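# What the coordinates show
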Amino acid sequence: MAASFYIDERPKRIVVLGDTHGDFGLLMLLLKDCAKVVDQKGRWRNGNKTYVVLVGDTVDRKRPGVPSGGEVPGEELFMHLYLNYLQKESRAHGGRVLKLLGNHEEMNMMGDYTFATKMGKELRKVVPLKPGSAFARLLYSPRDTYAFAQLGPYFFVHGGLGGMNANDIVRLSEANPAVKNWFRNGLRGGRRGATTIDVVSRMLWDRDYTTARHCNAGHLQKVFDAIGRLHGGETPSMVLSGHSVTVHNSAPDSRAFTEVLSEDGDTVVLGLSKMINGSRRGMGINLSCDGRVARLDNGASRAMGHDTSRGRLPQVLVIENMRHMHVVRHKRGLLHQTSRCLAPG
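As the structure is a computational prediction, the values presented were derived from the model and not from experiment.

Attention now moves to the pairing of strand S6 (residues 148-151). What you see with S6 is no split at all: Phe148 and Gln150 on one side and Ala149 and Leu151 on the other are buried throughout. Pairing analysis gives two bridges linking strand S1 (residues 6-7) to S6, with the strands arranged parallel. By the bridge assignment, Tyr6 is partnered in S6 with Gln150. Across four bridges, S6 lies against strand S7 (residues 154-157) in antiparallel orientation. Note that in S7 the partner of Leu151 across the bridge is Tyr154.

For the rest of this paragraph, the subject is the packing of aromatic side chains. Evaluated as defined, the whole model comprises seven aromatic pairs. Note on Phe24 and Tyr82: the rings are 5.6 Å apart at their centroids and 45° apart in plane angle, and the pair reads as tilted. Note that Phe24 is positioned in helix H1 (residues 24-34) and Tyr82 in helix H2 (residues 75-92), a separation of 58 residues in sequence. The class for Phe24 is buried, based on a relative accessible area of 7%. On the basis of relative accessible area, Tyr82 is assigned to the buried category, the value being 7%. Here the aromatic residues Phe5, Phe148 and Phe155 are joined through ring pairs into a cluster of three or more.

Any two side chains of opposite charge can pair, given that their charged atoms come close. Evaluation of the coordinates by the stated rule reveals 20 salt bridges. Among the ionic pairs, Asp23 bridges to Arg61, the shortest N-O distance being 3.9 Å. In this pair, Asp23 sits in the loop between strand S2 (13-17) and H1 while Arg61 sits in the loop between strand S3 (51-54) and H2, placing the two residues 38 residues apart along the sequence. Its salt-bridge partner being Arg292, residue Asp290 comes within 3.5 Å of it at the nearest N-O pair.

What counts, and at which threshold
- Residues numbered from 1 in each chain as written.
- Predicted model: local features only at pLDDT ≥ 70, side-chain atom pairs only at ≥ 80, totals over all residues.
- Heavy atoms only, no water.
- Buried < 20%, exposed > 50% of the residue type's maximum accessible area, 1.4 Å probe, protein only.
- Helix = DSSP H or I, 4+ residues; strand = E, 2+ residues; numbered from the N terminus.
- Pairing = 2+ DSSP bridges.
- Phe/Tyr/Trp six-rings, centres within 6.5 Å; stacked < 30°, edge-to-face > 60°.
- Salt bridge = Lys/Arg side-chain N within 4 Å of Asp/Glu carboxyl O.

Written out as structure tokens, the structure reads:
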């Protein structure tokens with residue numbers, strides 16, 4: 001079986017979004033102002049060939065003791081209706097919108113609604129989010145949804161690749177079809193399918209390379225090499241992940257995007273710092289593990305509260321020509337606006 005996660009394409013521009021956690025307003029701010037791939041009415045911009053990647057955790061807008069604010073009824077459902085619309089529209093212009101799964105999507109499939117808001121739980125009573133349901137099929141759309149994916153040298157996964165062994169890597173070739181069958185049809189595919197889904201689950205929950213103080217770069221390189229041999233395409237050289245709010249990260253080799261390259265009325269473009277930032281907190285999107293890991297989850301969703309410090313402001317990672325990286329960060333963020341104010345016109 002061909003490796004279903006390997007996308008043999010090399011777009012000139014990739015925009016990567018961290019965890020949005022059911023915050024439709026955040027999603028629109030990122031797409032309109034930071035990524036600039038949709039217009040003020042939420043339509044894909046004419047001729048825009050950008051590939052947008054969401055690294056998972058698009059659901060669950062609640063954290064214990066944290067007021068999320070700005071929520072509207074059915075927000076998570078509308079968010080995926082809109083993303084699926086963009087998947088179709090972007091392809092018509094030569095772009096793509098790739099949705100990845102996170103551990104919170106998996107939790108919902110297992111019936112764990114711990115992090116759903118009161119509105120979210122009411123929504124799930126009317127439109128259940130469980131294997132084979134209409135909501136699950138919407139979330140795992142037929143095209144351009146993955147448990148994980150590789151594009152050029154970049155391996156996108158919500159969690160990480162820590163602890164992967166040879167048997168796990170072999171199962172990656174069949175992982176996306178197995179997870180898709182579980183989400184869309186409610187079938188786990190017997191013992192083999194269940195074992196494959198378990199491998200994916202560990203990847204979605206993994207934090208070895210996003211919070212560990214010392215990255216095992218040697219093991220990660222061996223995993224990269226094995227993945228390259230599996231699909232016969234380009235060997236990955238970087239993991240891009242969410243899952244770990246970067247304000248809590250303290251890896252000693254972290255490098256942040258702090259060099260101001262340009263700015264306009266709403267956003268500032270930041271280049272990678274030449275200095276190692278160490279245990280500095282609140283740095284936003286950053287690199288670690290000697291540049292092998294990009295950490296995308298900066299806690300911008302209002303599920304995490306209303307922290308407007310620089311590291312928590314809405315931001316995206318942009319990759320130009322499969323090589324050059326910069327961050328586009330919003331200057332003000334969402335403040336106390338409702339998602340309805342920022343929804344497509």
